[in-house]
Amino acid sequence: MTISCLGIILIAIVHEYIRRVARQFDRSIATQNYKYTSAINNSSGPEKIEISSFGENENHDSQIVREPAQIAWLQQICRSLLYMLQALISYSLMLVFMTFNGYLMMSTIIGATLGFFIFAEDVFFARKAFTCH
């Protein structure tokens, strides 16, 4: 029983680690996949031209707009695999909790708490969505 409890604690900690990796990966994609465009007002209406970096265009009639670009398919595959791991571990921990074994239930709670304490320091200002685990 002790090995089972320690295993459940470890699995719950790994679940929080995978959630952190997914958040960091999403942040890196967000910073890489934004393009800056400059909306220039002319007689025929606003015209958007792409610029390579923020503030390169010195035209005072233009407005810099940050628009999301499309995510590459390889990045989306990686995001999907991380999501699959999160769902697999989350539902597995939910099933462990539903055995109504008090030791395993406490192990799940302890592991989730330890994992959040160790790996969730980057979500202080963001609202954390509560998932089943």
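Cut-offs and rules
Position labels on residues start from 1 in each chain and follow its written sequence. The predicted nature of this model means local features are confined to residues of pLDDT at least 70 and side-chain atom pairs, given and counted, to a pLDDT of 80 or more, with totals for whole chains, interfaces and linings taken over all residues. Values reported for side chains reflect all heavy atoms of the structure, with hydrogen atoms and water molecules removed beforehand. UniProt positions are given in the numbering used here, feature names are shortened, and annotations may be inferred rather than shown by experiment. Buried residues of nine kinds, namely Ala, Val, Leu, Ile, Met, Phe, Trp, Tyr and Cys, make up a nonpolar core once their side-chain atoms join them within 4.5 Å. Buried means the residue's accessible area, taken with a 1.4 Å probe over protein chains only, is under 20% of the maximum for its type, while exposed means over 50%, and partly exposed covers the values in between. In DSSP terms, a helix is any run of H or I states spanning at least four residues, a strand is any run of E spanning at least two, and both are numbered starting from the N terminus. N or O atoms within 3.5 Å of each other form a polar contact, as long as, within protein, one can give a hydrogen and the other can take it, and as long as residues adjacent in sequence are counted only when both atoms are side-chain atoms. We call two residues in contact whenever any of their non-hydrogen atoms come within 4.5 Å of each other. Each salt bridge in this description consists of a side-chain nitrogen of Lys or Arg and a carboxyl oxygen of Asp or Glu lying within 4 Å of one another.

The protein chain appears in an unreviewed UniProt entry as Copper transport protein from Basidiobolus ranarum. If you open the UniProt record of the protein chain and go to Subcellular location (unreviewed entry), you find "Membrane". Quoted verbatim from the Sequence similarities (unreviewed entry) heading of the UniProt record, the comment on the protein chain is "Belongs to the copper transporter (Ctr) (TC 1.A.56) family. SLC31A subfamily."

A.B. asks: Explain the nonpolar core to me, please; I cannot follow it from the model alone.
C.D. replies: Note on soluble globular proteins: their nonpolar side chains tend to be buried together. Formed by Cys 5, Ile 8, Ala 12, Ile 18, Ala 22, Leu 82, Ile 89, Leu 93, Val 96 and Leu 104, the largest nonpolar core amounts to ten residues. It is helix α1 (residues 2–32) that provides the largest number of residues to this core, a total of five residues.

A.B. asks: It is not clear to me how the UniProt feature "transmembrane region" (unreviewed entry) in the protein chain should be interpreted in this structure. Could you clarify?
C.D. replies: Summarizing the sequence annotation, UniProt attributes the feature "transmembrane region" (unreviewed entry) to residues 81–100 and 106–125 in the numbering used throughout. The distance separating the terminal C-alpha atoms of residues 81–100 is 30 Å; by composition the span is 85% helix and 0% strand.

A.B. asks: What am I meant to see in the environment of Leu 85 here?
C.D. replies: Mapped onto the fold, Leu 85 is located in helix α2 (residues 73–97). Distance from Leu 85 to His 15, taken between C-alpha atoms, is 8.2 Å for residues 70 residues apart in sequence.

A.B. asks: I tried to follow the side chain of Ser 107 on my own but got confused; where do I start?
C.D. replies: Tracing the backbone shows Ser 107 in helix α3 (residues 102–119). In terms of polar contacts, Ser 107 uses its side chain to reach the backbone carbonyl oxygen of Tyr 103, at 2.8 Å. In this structure, Ser 107 is in contact with Cys 5, Ile 8 and Ile 9, ignoring residues within four places of it in sequence.

A.B. asks: Mind showing me how you'd approach the pattern of salt bridges here?
C.D. replies: For side chains bearing opposite charge, pairing can occur when the charged atoms are close. A complete count under the given rule lists five salt bridges for this structure. The partner of Arg 19 in a salt bridge is Glu 16, and the shortest N-O contact between them spans 3.4 Å. With Arg 19 and Glu 16 both in helix α1 and three residues apart, the pair spans about one turn of that helix. On the basis of relative accessibility, which here comes to 10%, the residue Arg 19 falls in the buried class. Residue Glu 16 is classed as buried on the basis of its relative accessible area of 2%. A salt bridge links Glu 121 to Arg 20, with the shortest nitrogen-to-oxygen separation between them at 4.0 Å. Of this pair, Glu 121 sits in the segment after α3 while Arg 20 sits in helix α1, placing them 101 residues apart in sequence. Here Glu 121 falls in the exposed class, since its relative accessible area comes to 59%. Connected through salt bridges with shared partners, the residues Arg 23, Arg 27 and Asp 122 form a single ionic network.

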